[in-house]
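Here are the chains, one letter per residue:
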Amino acid sequence: MIDITLPDGTVNQYSEEITAGEIVDDIYGRKHGCIAASVNGEERDFSFVIADLENIGGTCSASVDGIKTDSDAGMHILRHSAAHLLAQAVMEIYPDAKPTIGPAIERGFYYDFDMEPIGESDLRTIQKKMSQLARQNLSVERVECSDEELENLFASNPYKMEIISDKVEDGSGSTIYKQGEWYDLCLGPHVASTAKLMNVKLTSISTAYWRGDQSRQQLMRIYGIVEPSKDALKETLQRIEEAKKRDHRKLGKDLQLFHIDEEVGQGLILWTPRGAAVRQELQDFILVELRRQGYYQVFTPHIGKLDLYRKSGHFPYYQDSQYPALVERDLMKKLADEDCSCGELSNLMSAGDIEGYLLKPMNCPHHIKIYDSQPRSYRNLPLRLAEFGTVYRWEQSGEISGMTRVRGFTQDDAHLFVTEEQIAKEVLGCIEIVQIIFKTLGMDDYRVRVGLRDPDSDKYVGEGEKWDKAEAACRTAALSLGVPFTEEEGEAAFYGPKIDFVVKDVIGREWQLGTVQVDYNLPERFDLTYTGPDGQPHRPVMIHRAPFGSMERFCGVLIEHFAGKFPTWLSPTQVHVITISEKHNLWAQEVISALVEAGVRVEADMSDATVGKKIRTHRKMQPNYMVILGDEEVEKKTVSLRGRNNEQVNGMPIGEFIEKLTAEIQSKDLQLTLTPKTEKQD
RNA sequence: GCCACUGUGGCAUAGCGGUAUUGCACCUCAUUGGUAAUGAGGAGGUCGUGAGUUCAAUUCUCACCAGUGGCUCCA
């Protein structure tokens, strides 16, 4: 007999043949809704025989519980099993396809196949087959296999063979999971039957490289989602639809916030007046904070000499993702006369044999030069130089997307030149600004990432000792933040580690927004010094920081965060004035003038359409308030308000309106305060 | 950069080997109307760009450009 500890702490005795599934049945009854079991905290199949636990004897015990789909672990198993079902369906339809890997991912699952290209329309066929297989209620069986057996089973699939030779230790064998005729190399666990996988939707089709390596075989990747019930699936699909409506690329167009024009160029944002208003508010907002923290504002040009970026390392490190350098006309002509090819030109530049100008990919070298323009003393440190600096990077064409990944963008950049003792305090100050921004905007769904160097890579500049110090500084700062963070190797900049604030867009892609980076290396490269209290030269440390990150990316994410419904202080147009008939236009003009005078962004509709029509039309632009003006308002010199929340307040004196509105704007309130939501009785 | 798909007036769409449909927005006229579409009329597109096939191409083929979803990359 074996002692089994149940979730409520009681201990039951079972026979040695007992499986995890039988115990879960015992605990929760037949209709338990669990899809797998947890044995001593480890995920196991229902078919797992407890006595098979290593080191368990007749007297030993284990704790067992069920795993439901209301947990991440449960959904992970469900998704992973759905990936298997997908592979089974694909193999039945395309017997020549070679399955490779098929993991669960955050919102669903995928499976990669080496196969002839298929299209979106084929997804329906595959999904149909999956439903068929699910309905057949095939039991999913775990089978232990020796090395030899594995090699026989997967001999015709080089991908599986590669996994076996890489991941399976010689002589240890591994397991396969079998459902019907189909089987796959897998450690599990899985659901006990395909019947659990009825509610699947294949969402998209794409390609990926085998093992993410561009030089290797290209595979067809099929994505899908799975839910435990029909309703849950419906809900998830609805949520995805809702999220798509917030897409900043769509809202940016509808709300006329920005424009991207083919003729201007890929990934180059044109800020239209409405979008520019949002950006300007954000910039003004942060400038106040910067002054408070003792920053100085600077301005620097959009280009700089190639040599500058050779020295900083940007040119050699990121040559492929920069716009080609600009070369002086005479030199260009001379080289052309010498039949110099583009390739040769590029080589000459790399070698440093010709000089040219680069569109700046980073602001730091320019700011470094400002630091270095005069002798610095420890008494002047920290020196904090800030600039909304526009930089240009030649991002891969396939990567460019809306405002979040572009080729020209403006960083709310600053560089702090500090002594080593000042690092901790200054980093905290930087983080504080990021937090003020997030808090003011109600963005609480972000994660913090400490990016460290990848010990196996040689892409970094500087000595290990300096890196150790810088990484320690970042870690300490992150710890003092008091929020959870992850440390990720390989996420550092080439010159130093960083603390990133990462948020997700509507389709689940993660974007780095705010960033703080500690850099011992560029000061070294540029031989920066300050005079210490001892009268000797010392090396400053640089902190690079950009709380918004890029104005483009931040605004893109912000559009999605607010679903286009900006709080009043940020709103492209705060008030739309609507007249009931032409008789009221005169008063409307007065109201508009008063609002403009008060610095309010206002638009008017004095056309002869009906009120209902005007409201309907103007709602689409999401003004915070509409002011409706008719006989009554004209007579009493008042305004009637209709908030974006569809609440109404009538007959407010114009003075009171402007006073309350400007107060709302100044407070940066996230809610409408003039037409608060009334408590509705049910 | 790689793969797949897509590209019709400002936006959203129909369509097809014989120069294009509908709605919203826009303009005009009538209407002077109180909180999610008043009525009538009108203008606007050579169907992403270029080349090819064809008597004829928006519709077929190719190249390029751009977008979308992924992969890879992201100072």
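See the structure printed just above.
Let us look at the structure shown here. (Residues numbered from 1 in each chain as written. Chains lettered and ligands numbered in written order. Predicted model: local features only at pLDDT ≥ 70, side-chain atom pairs only at ≥ 80, totals over all residues. Heavy atoms only, no water.)

What follows concerns the side chain of Thr-175. Relative to the elements of secondary structure, Thr-175 occurs in strand β10 (residues 174-179). Classification of Thr-175 as buried rests on a relative accessible area of 4%. A distance of 2.5 Å separates the side chain of Thr-175 from the backbone oxygen of Cys-186, its partner in a polar contact. Sequence-distant contacts of Thr-175, that is, excluding residues within four places in its chain, are made with Arg-142, Val-143, Glu-144, Cys-145, Asp-184, Leu-185, Cys-186 and Leu-187. (Helix = DSSP H or I, 4+ residues; strand = E, 2+ residues; numbered from the N terminus. Buried < 20%, exposed > 50% of the residue type's maximum accessible area, 1.4 Å probe, protein only. Polar contact = N/O pair within 3.5 Å; in protein donor to acceptor, adjacent residues only side chain to side chain. Contact = heavy atoms within 4.5 Å.)

This model, assessed by the stated rule, comprises 16 aromatic pairs. For the pair Tyr-110 and Tyr-223, a centre-to-centre distance of 5.5 Å together with 55° between the ring planes defines the contact as tilted. Pair noted here: Tyr-110 is in strand β8 (residues 108-114) and Tyr-223 is in strand β13 (residues 218-227), with a separation of 113 residues, a long-range link. Where Phe-438 meets Tyr-446, the ring centres are 4.6 Å apart and the plane angle is 65°; that geometry is what we call edge-to-face. The exposure class of Phe-438 is buried, given its relative accessible area of 2%. The rings of Tyr-317, Tyr-318, Phe-494 and Tyr-495 are connected pair by pair, giving a single aromatic cluster. The residue whose ring lies beneath Lys-668 is Trp-569, and the NZ or CZ to ring-centre distance is 5.0 Å. (Phe/Tyr/Trp six-rings, centres within 6.5 Å; stacked < 30°, edge-to-face > 60°. Lys NZ or Arg CZ within 6 Å of the ring centre and 35° of its normal.)

Attention now goes to the protein's contact with RNA strand B. Close contacts around RNA strand B come from 56 residues, with Met-362, Glu-399, Ser-581, Asp-608 and Arg-616 the closest. At 2.9 Å from a sugar or linking oxygen of RNA strand B is found a side-chain nitrogen or oxygen belonging to Tyr-209. Between RNA strand B and the protein, one listed contact pairs a base oxygen with a side-chain N or O atom of Asn-650 at 3.1 Å. For the surface near RNA strand B, the elements supplying multiple residues, two or more each, are β12 (199-209), β13, α10 (314-318), α19 (611-619), α20 (631-636), β31 (638-643) and β32 (648-653). Per element, the largest residue contribution to the surface near RNA strand B is 6 residues, and it comes from α19. (Near = heavy atom within 4 Å.)

Of the consecutive residues Leu-381 and Pro-382, the connecting peptide bond is found in the cis state with omega at 0°. Along the polypeptide, Pro-382 turns up in the loop between α13 (364-371) and β19 (383-392). Positive phi outside glycine occurs at Asn-646, with the angle close to 70°. For Asn-646, the location among the structural elements is in the loop between β31 and β32. Using a relative accessible area of 41% as the deciding quantity, one classes Asn-646 as partly exposed. Residue Lys-668 is not a glycine yet carries a positive backbone phi of 55°.

The next point concerns the nonpolar core. Counting residues in each nonpolar core, the largest one holds 82 residues, and the members touching the most others are Leu-282, Leu-441, Phe-554 and Phe-657. Viewed by domain, this core spans two of them, domain 3 (273-297 + 367-561) and domain 5 (575-667), each represented by three or more residues. Beyond its immediate chain neighbours, meaning those up to four positions away, Leu-441 contacts Leu-282, Phe-554, Leu-558, His-561, Phe-562, Trp-569, Leu-570 and Leu-670. The next biggest cluster of nonpolar side chains, apart from the first, holds 35 residues, and it includes Met-75, Ala-97, Leu-123 and Leu-133. (Core = buried A, V, L, I, M, F, W, Y, C linked by side-chain atoms within 4.5 Å. Domains from an automatic or database assignment.)

Taken in spatial order, the 5 strands line up as β2-β1-β5-β3-β4 in an open sheet, and their pairing is mixed. In the strand order of this sheet, the two ends are held by β2 (11-14) and β4 (42-44), each with one partner. Neighbour-to-neighbour, the strand axes of this sheet turn through a mean angle of 40°, independent of strand direction. Across 5 bridges, strand β3 (residues 34-39) lies against strand β5 (residues 61-68) in antiparallel orientation. Residue pairing across strands places Ala-37 opposite Gly-66, the latter belonging to β5. This element, helix α1 (residues 20-28), spans β1 (2-5), β2, β3 and β5 of the sheet and lies at about 75° to β5. (Pairing = 2+ DSSP bridges. Axes fitted to C-alpha atoms, helices over the stretch in contact; angles between N-to-C directions.)

Working definition: the strands of a sheet are paired by backbone hydrogen bonds and lie parallel or antiparallel to each other. Read from one edge to the other, the open sheet built from 3 strands follows the order β9-β10-β11, with strand pairing classed as antiparallel. In this open sheet, the two strands that pair with only one neighbour each are β9 (140-145) and β11 (182-185). The average undirected angle you get between the axes of adjacent strands in this sheet is 30°. Two elements, β9 and β10, share 6 bridges in a ladder whose sense is antiparallel. The partner of Cys-145 across the bridge, within β10, is Ser-174. Strands β10 and β11 of the sheet are contacted by helix α2 (residues 72-93), whose axis makes an angle of about 130° with β11.

Enumeration over the complete set of coordinates arrives at 0 disulfides. Note on Cys-145: no disulfide assigned, nearest cysteine sulfur contributed by Cys-186 at a separation of 12 Å. For Cys-145, a relative accessible area of 9% puts it in the buried group. Left without a disulfide partner, Cys-474 is nearest to the cysteine sulfur of Cys-430, which lies 11 Å away. (Disulfide = S-S within 2.5 Å.)

Two numbers describe how α2 lies on helix α3 (residues 120-135): the axes approach to 9 Å, and their chain directions differ by 115°. The angle between the axes of α2 and α3 places the two elements in the roughly perpendicular class. Once α2 is placed against α3, the crossing between them reads as right-handed. Touching Ala-82, Leu-85, Leu-86, Gln-88, Ala-89, Val-90, Glu-92 and Ile-93 of α2 are Thr-125, Ile-126, Lys-129, Met-130, Leu-133 and Ala-134, all from α3. (Parallel < 35°, antiparallel > 145°, perpendicular 65-115°, else oblique. Left-handed = near helix turned anticlockwise from the far one by under 90°.)

All we've got here are geometric facts, nothing functional implied.
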